[in-house]
Every structure is written in structure tokens, then in C-alpha cells.
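Listed below, chain by chain, are the residues.
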Amino acid sequence: MSFAKAFFDVGLFTNQASAMRDYYQQLGLSFDHSLKLGGGVLQHRYQADDAILKINDARDPLAEASASALTELLIALPGCSEAVKKQDPDGNCIRLVPPGKDDIQGLALRMSVSDVATSTRFYTEVLGLHELRAGVLSCGKGLLLLQASGQPPCAASPLAARGLRYLTLQIFDCDKTYAHAIGHGATGVREPVNMGSTARIAFIQDPDGVWIELSQRASVAGKSL
């Protein structure tokens, strides 16, 4: 599989968008634009290199997510001289790192998975990421850092729940990528649909129930829908 962008994006949901937006803007992430998603959700998009942090501002009260495999968001921040652990206003675990530390650029995600080998096979064979070294997978410059949880896969939880909820892969053909993923063992949860003229998207889940958005975004893929 070829990717339309050499990074993945990361999506979170919140009921306190003002505090969250202030927090990430003060860290140094640059605001890109806001996008209405429907269903009372307004998405605020912040850039870290070419990766996007998507703060999904939900109008309705969000449920607390069950234990998630997405345990830490790592941000390569220009001017950062050493790794620093933080928490955002919603309690999401954040780690600021100097750009290039441990090959991290833009955004990276630490994932606590039931079985590292199973997750590695899924992300490399089903979605086309590359294994840089044991437990470290790359989507271009974006890194997934896998660590074993010692627990069975988490129970499925809704996409719209508080916290770090999903990663987005920018691809050239949503329908083909979705069909390939389903044919190779991914769990399909939302079939491809158009989001106006902006993007065609679908959602699958990995072996630990992590939501993965497959996005054919017109401005990134270089073709209209």
C-alpha cells in the first residue's frame, strides 16, 4: 500500500475544546483550520510537521472510554531539548521530545497491545507500514511504538469517547484500501462514505480494537472525489 502522506494523523475527542485548544497551541502546534463533521462535532486541526492532531469538539457529553491501546501521544517539538512527560487538560498522556529523538518527527503514538507480533503483522501486512526495528513501525516519518500489555485485547468501545481515539492514514483510494484491509483480516466498522467534497473515509479496527480511519482526502491525494 502506498500512502498519500508520509505521516499518520491522530484524533481525540473532548468536551472541553477551549482548554484543549489553548493547551496544544501553547505547546507550539500551529492551528490549521476547523471542520464541521456533523452530529454536533467540530474538528479543530493542529499541525506538528505534516502530521495533524485532530481535536474533535463534541457537543453532547462523551462517555468515558474503556481502557485504550493508545496510551501516549509523542510530539516532536522544535526547541524542545529533552523529553518531558505531560498531561493535557483531559488527562491524555503526552510526551514532548526533540525532533529526531529516536527517529520521532511530527506525531508518534505509543500503543499498549495484547501481542506485539500480532500487531506488527497487522500493521505491516494489512496496512503496509514498515517495521524499523522490533516494536517500532513507520508510516513514512510517523512512528507507532508497540509495547506488550500482558492483557487480552480491550473490549470494543465507541469512536466518540473522551481521549485519544484513532489514527488516520492518508491514502489514494479509500475503497480499494478498505477492501484490501477487510480481505486481509481487518474488522470493518464503517464502510467508505464521502464527507462532502473534502474526503472519502472509512474506518477499520486493529486486533486491539483501535479505530483506524482510512482517508482519501482530496487536497492530499491530489484528486477530486
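- An unreviewed UniProt entry lists the protein under the name Bleomycin resistance protein, with Halopseudomonas pelagia as the source organism.

## Observations regarding helix H2 (residues 116-126)
- Within H2 the residues assigned to the buried category are Ser-119, Thr-120, Phe-122, Tyr-123 and Val-126.
- Among the residues of H2, the N-terminal cap falls to Asp-115, whose side-chain oxygen and the backbone nitrogen of Ala-117 are separated by 3.3 Å.

## Some points on the sheet that holds strand S9 (residues 107-113)
- Strand order across the open sheet formed by 7 strands is S7-S8-S6-S9-S12-S11-S10, with mixed pairing between neighbours. Sheet topology places strand S7 (84-87) and strand S10 (130-133) at the edges, where each strand pairs with a single neighbour. Averaged over all adjacent pairs, the angle separating strand axes in this sheet is 30°, with direction ignored.
- Note that strand S11 (residues 136-139) and strand S12 (residues 142-148) share 4 bridges and pair antiparallel. Directly across from Cys-139, in S12, lies its bridge partner Gly-142.
- Most of the contacts of H2 go to S12, to which it runs at about 155°, and overall it touches S9, S10, S11 and S12.

Calculation notes
- Residues numbered from 1 in each chain as written.
- Predicted model: local features only at pLDDT ≥ 70, side-chain atom pairs only at ≥ 80, totals over all residues.
- Heavy atoms only, no water.
- Buried < 20%, exposed > 50% of the residue type's maximum accessible area, 1.4 Å probe, protein only.
- Helix = DSSP H or I, 4+ residues; strand = E, 2+ residues; numbered from the N terminus.
- Polar contact = N/O pair within 3.5 Å; in protein donor to acceptor, adjacent residues only side chain to side chain.
- Pairing = 2+ DSSP bridges.
- Axes fitted to C-alpha atoms, helices over the stretch in contact; angles between N-to-C directions.
- Contact = heavy atoms within 4.5 Å.

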